[in-house]
Amino acid sequence: MRAKYVLAEMLVGLWRNVTMTIAMIITMIVSLSMLGASLLMYMQVDEMKGHYYEQVEVSIYLEKTIDDTQRSEIKSKLDSDPLVKSVLWETKEMAYENFKQQFRDAPDLVNAIGADELPESFRVALKDPQKFDQINATYAGLAGVDTVVDQQKLLQKIFDILGSIQNLSLVVAGFMGLAALLLVANTIQVAAYSKRREVAVMKLVGASNWFIQAPFVLEAVFAALLGSILAWVMLVVGKIVLIDGKLAALTDLLLPVSWGNVNLMLPILAGIGSVVSAVTAWVTLRFYIRV
């Protein structure tokens, strides 16, 4: 009987303040969507780092005047190096073919570069990509070596940009979350004020604080759960329309967002939204209404 009464009072409260309830749900949708997108981006960048860092190579560019003896010495040293996983010798001709393939959409640039102008190199895959400094110290000063380039440093610049976008989206989500909490608190205050006589009567007849507060708290939790579900729907639509649709060409460069990560956002957003809203409602009732 008590549970039925609490649920009935929750529904009455939602309908009585329907305008503020809708505003609270919309704010929840926006803030939780931003939070979900930020979490997905964090997970995606971490997966991209693991994927690309496993494939990064160290390029040891050779001087144009290198002779066969120097080249053989460098190759032998690389083959016996415990830090090296694999070695590929890229000739000038191979480098030129790769160059033509990479810049096939810029024929003028390809025609302006000759095969002799590109240096030969050793493409080195490391067992631990973080140990580039040791490789650089070992091979940079060898006879016949021009420069040693770490592709990981080039990738790091990209990941730094993505990290900045992550932080910015989290800041925006934080501000939207704060707005949602203030709106939850205000809605609970208005709902409690509209029922102040009923609350006073219930206190006089000995009703517990929990019994009085439960309908108000459930209103906030209901709005948060509905907002989290709709926020998850927005993430699903974003994946289908944007990531898998209009931005599908980027999957050649960026890893596709998995459905597993998207579906994981539903319980995360629902848990965060409901818990935070319930705590906000309870604190508001305890310290503002003082029932």
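In the nomenclature of an unreviewed UniProt entry, the chain is known as Cell division protein FtsX of Catellatospora aurea. Note on the chain: under the UniProt heading Function (unreviewed entry), the record states "Part of the ABC transporter FtsEX involved in cellular division." Recorded in UniProt under Subunit (unreviewed entry), the annotation for the chain is "Forms a membrane-associated complex with FtsE."

Caption draft 1: A look at the packing of aromatic side chains. All told, the structure shown has zero aromatic pairs when counted by the stated rule. For Lys-239, the ring lying beneath its charged end belongs to Trp-259, and the centroid distance is 4.9 Å.

Caption draft 2: Representation of the side chain of Thr-280 in the model. Mapping Thr-280 onto the fold places it in helix H10 (residues 259-289). At 2.7 Å, the side chain of Thr-280 forms a polar contact with the backbone oxygen of Val-276. In this structure Thr-280 touches Leu-181, Val-184 and Ala-185, once residues within four positions along its chain are discounted.

Caption draft 3: Representation of the nonpolar core within the structure. Ranked by size, the top nonpolar core spans 28 residues in total, and within it Met-28, Leu-32, Leu-40, Val-184, Ile-188, Val-217 and Leu-269 carry the most contacts. If you list the elements that add at least two residues to this core, you get helix H2 (18-53), helix H7 (151-194), helix H9 (209-246) and H10. Among the elements that line this core, the one with the most residues is H9, at nine residues. Beyond its immediate sequence surroundings of up to four residues, Leu-32 is in contact with Ala-224, Gly-227, Ser-228, Ala-231 and Leu-269.

Caption draft 4: Geometry of the sheet that holds strand E2 (residues 84-90). Reading across the sheet, the four strands line up as E2-E3-E1-E4 and stay open at both edges, with antiparallel pairing between neighbours. Since the sheet does not close on itself, it has two edges, and those belong to E2 and strand E4 (145-150), each with one partner. With direction set aside, neighbouring strand axes in the sheet form an average angle of 20°. Pairing between E2 and strand E3 (residues 121-126): six bridges, direction antiparallel. Bridged to Trp-89 within E3 is Phe-122. In the packing of helix H6 (residues 132-139) onto the sheet, contacts are made with strand E1 (58-62), E2, E3 and E4, and the angle to E4 comes to roughly 180°.

Caption draft 5: Summary view of the confidence of the model for the chain. Summarising the model, the chain shows a mean pLDDT of 77, and 76% of its residues fall at 70 or more. Across the chain, the element-wise mean pLDDT spans from 58 in helix H1 (residues 2-16) up to 89 in helix H3 (residues 68-79).

Caption draft 6: Representation of the pattern of salt bridges within the structure. Taken as a whole and assessed by the stated rule, the structure comprises four salt bridges. The partner of Lys-75 in a salt bridge is Asp-79, and the shortest N-O contact between them spans 2.9 Å. Placement of both Lys-75 and Asp-79 in helix H3 is noted, with a separation of four residues, approximately one turn of the helix. Given a relative accessible area of 49%, Asp-79 falls into the partly exposed group. Salt bridges sharing partners connect three or more residues here, namely Asp-68, Arg-71 and Glu-120.

Calculation criteria
- Residues numbered from 1 in each chain as written.
- Predicted model: local features only at pLDDT ≥ 70, side-chain atom pairs only at ≥ 80, totals over all residues.
- Heavy atoms only, no water.
- UniProt positions renumbered as here; feature names shortened; annotations may be inferred.
- Phe/Tyr/Trp six-rings, centres within 6.5 Å; stacked < 30°, edge-to-face > 60°.
- Lys NZ or Arg CZ within 6 Å of the ring centre and 35° of its normal.
- Helix = DSSP H or I, 4+ residues; strand = E, 2+ residues; numbered from the N terminus.
- Polar contact = N/O pair within 3.5 Å; in protein donor to acceptor, adjacent residues only side chain to side chain.
- Contact = heavy atoms within 4.5 Å.
- Core = buried A, V, L, I, M, F, W, Y, C linked by side-chain atoms within 4.5 Å.
- Buried < 20%, exposed > 50% of the residue type's maximum accessible area, 1.4 Å probe, protein only.
- Pairing = 2+ DSSP bridges.
- Axes fitted to C-alpha atoms, helices over the stretch in contact; angles between N-to-C directions.
- pLDDT = per-residue confidence, 0-100.
- Salt bridge = Lys/Arg side-chain N within 4 Å of Asp/Glu carboxyl O.

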